[in-house]
Amino acid sequence: MNEKPSDEIRFHLMFRSEMGERLARTVIESLRAFGGPLRDCPVWVFVLDSARVSHALPGLEGVHCSPLTLEEIYPPYAFAEKVFACAMAEEMAGPEIRSLVWLGLDCLIVNPPVLFDLSAAPGVPPVDAAFRPVHHQNVGALAHEPPDGFWQGIYRALEVGEMPHTVESFADAQVLLPYFNTHCFALSPASGLGQSWWEHFEAMASDQAFQAGPCRDEAHQVFLHQAILSTLVAKQLDWDRVRLLPPEYNYPLNLLDEMPPELRAPALNSLVNAVYEEAFPWGQIEVQEPLLSWLRERLPN
């Protein structure tokens, strides 16, 4: 991949609280420390409390903070701000930007995440998106069964007929209709997927019949944003221009106890980026220097 930082790449993330700001600083610092050729890429940070924008993340170079104001045209909905932030980043991106990379706050970058660069490189064709499949089936649709009412509702709203593509979930090895993990991913802003994601999410979150029916429980509401984006990627992009990232990306440290032994990473240092969700699992995975000392300063027990 590219040997120097690319002006064609923007990382972006969002927070709303002091805890969110601390997590944002940690993930940005991990990019700067371990991102290799991508370590100096600009980072756009969307802050939901506009009064905090001027004070957010002081001292971090290449970080641009912007307020994010989302009018609640429907009751508060899980991950609505995330979808809106991705649409805003796409709107901000100029024609020179090739990759928009979303970073979850509970993510650590521990090796260069070069596969988030969607541009062409020697031996690597250009693509329009880069995703990991989901870790568990969860609300996903099994490929060998008819889609349930939740997925039928999404396919109908997005005007999707037969879905010819599949992915395999990481931890439980289920063959699913396209369903991607969204802790960290990359999209080409030229695809328009960010705007399309927000428009369809807004419509389906406001669809009273759908919300009272197949999307009435918490699990389906939490993962609606993920299901809509997954379906849009499969519908709007050529499948051969969707990069399915290897297991070293978005590795789920929170699921270590649930994984078969062959899926457990030998050490955190062998991964590219990892997700820890509520707490880092000290003692459950080996961490070698210099990463160990770096983490101890930022993620105490």
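Residues numbered from 1 in each chain as written. Predicted model: local features only at pLDDT ≥ 70, side-chain atom pairs only at ≥ 80, totals over all residues. Heavy atoms only, no water.

Chemist: It is not clear to me how the sheet that holds strand E6 (residues 129-133) should be interpreted in this structure. Could you clarify?
Modeler: Within a sheet, each strand pairs with its neighbour through backbone hydrogen bonds, oriented either parallel or antiparallel. Strand order in the open sheet made by the 7 strands is E3-E2-E1-E4-E9-E6-E10, with mixed pairing throughout. Edge positions in the open sheet fall to strand E3 (63-67) and strand E10 (242-244), since each of these has one partner strand only. Looking at each pair of strands side by side, their axes are set apart by 25 degrees on average, direction ignored. In terms of strand pairing, E6 meets E10 through 3 bridges, oriented parallel. Looking at the pairing, Ala129 lines up with Val242 of E10. Contacting strand E1 (9-15), strand E2 (43-47), E3 and strand E4 (99-103), helix H1 (residues 18-34) runs over the sheet at an angle of about 160 degrees to E1. (Pairing = 2+ DSSP bridges. Helix = DSSP H or I, 4+ residues; strand = E, 2+ residues; numbered from the N terminus. Axes fitted to C-alpha atoms, helices over the stretch in contact; angles between N-to-C directions. Contact = heavy atoms within 4.5 Å.)

Chemist: Please clarify how the sheet that holds strand E12 (residues 273-275) should be interpreted in this entry.
Modeler: Strands sit in the order E5-E12-E11 across an open sheet of 3 strands; the sheet is mixed. The sheet terminates laterally at strand E5 (107-109) and strand E11 (251-252), the two strands that pair on one side only. The pairing of E11 with E12 spans 2 bridges and is classified as parallel. By the bridge assignment, Pro252 is partnered in E12 with Val275.

Chemist: I'm lost on the confidence of the model for the protein in this one. Help?
Modeler: Close inspection of predicted coordinates is inappropriate for parts of the model with low pLDDT. Confidence in the prediction for the protein averages 92 pLDDT; 96% of positions are at 70 or higher. Long-range and interchain partners of residues 1-5, a stretch whose pLDDT sits below 50, account for 10 contacts in this model, where long-range means more than four residues apart. (pLDDT = per-residue confidence, 0-100.)

Chemist: Looking at this structure, how should I read the packing of H1 against helix H8 (residues 291-298)?
Modeler: When two helices pack together, you describe them by how their axes are tilted relative to each other and by the distance separating the axes. Where H1 meets H8, the axes come as close as 12 Å, and the angle between the chain directions of the two elements is 160 degrees. With respect to each other, H1 and H8 are oriented roughly antiparallel. Considering the relative orientation of H1 and H8, their crossing is right-handed. In this structure, H1 contributes Thr26, Glu29, Ser30, Ala33 and Phe34 to the contact, and H8 contributes Leu291, Trp294 and Arg298. Of the residues contributing to the contact of H1 with H8, the split by class is 4 nonpolar, 2 polar and 2 charged. (Parallel < 35°, antiparallel > 145°, perpendicular 65-115°, else oblique. Left-handed = near helix turned anticlockwise from the far one by under 90°. Nonpolar A, V, L, I, M, F, W, Y, C, P; charged D, E, K, R; others polar.)

Chemist: How should the packing of helix H3 (residues 149-157) against helix H7 (residues 224-236) be read in this particular structure?
Modeler: At a minimum axis separation of 10 Å, H3 and H7 run at an interaxial angle of 50 degrees. Here H3 is positioned oblique relative to H7, judged by the angle of their axes. Where H3 crosses over H7, the two elements pack in a sense that is right-handed. Between H3, through Phe150, Trp151, Ile154 and Tyr155, and H7, the contact on the second element is made entirely by Leu224, Ala227, Ile228 and Thr231. Split into classes, the residues belonging to the contact of H3 with H7 amount to 7 nonpolar, 1 polar and no charged.

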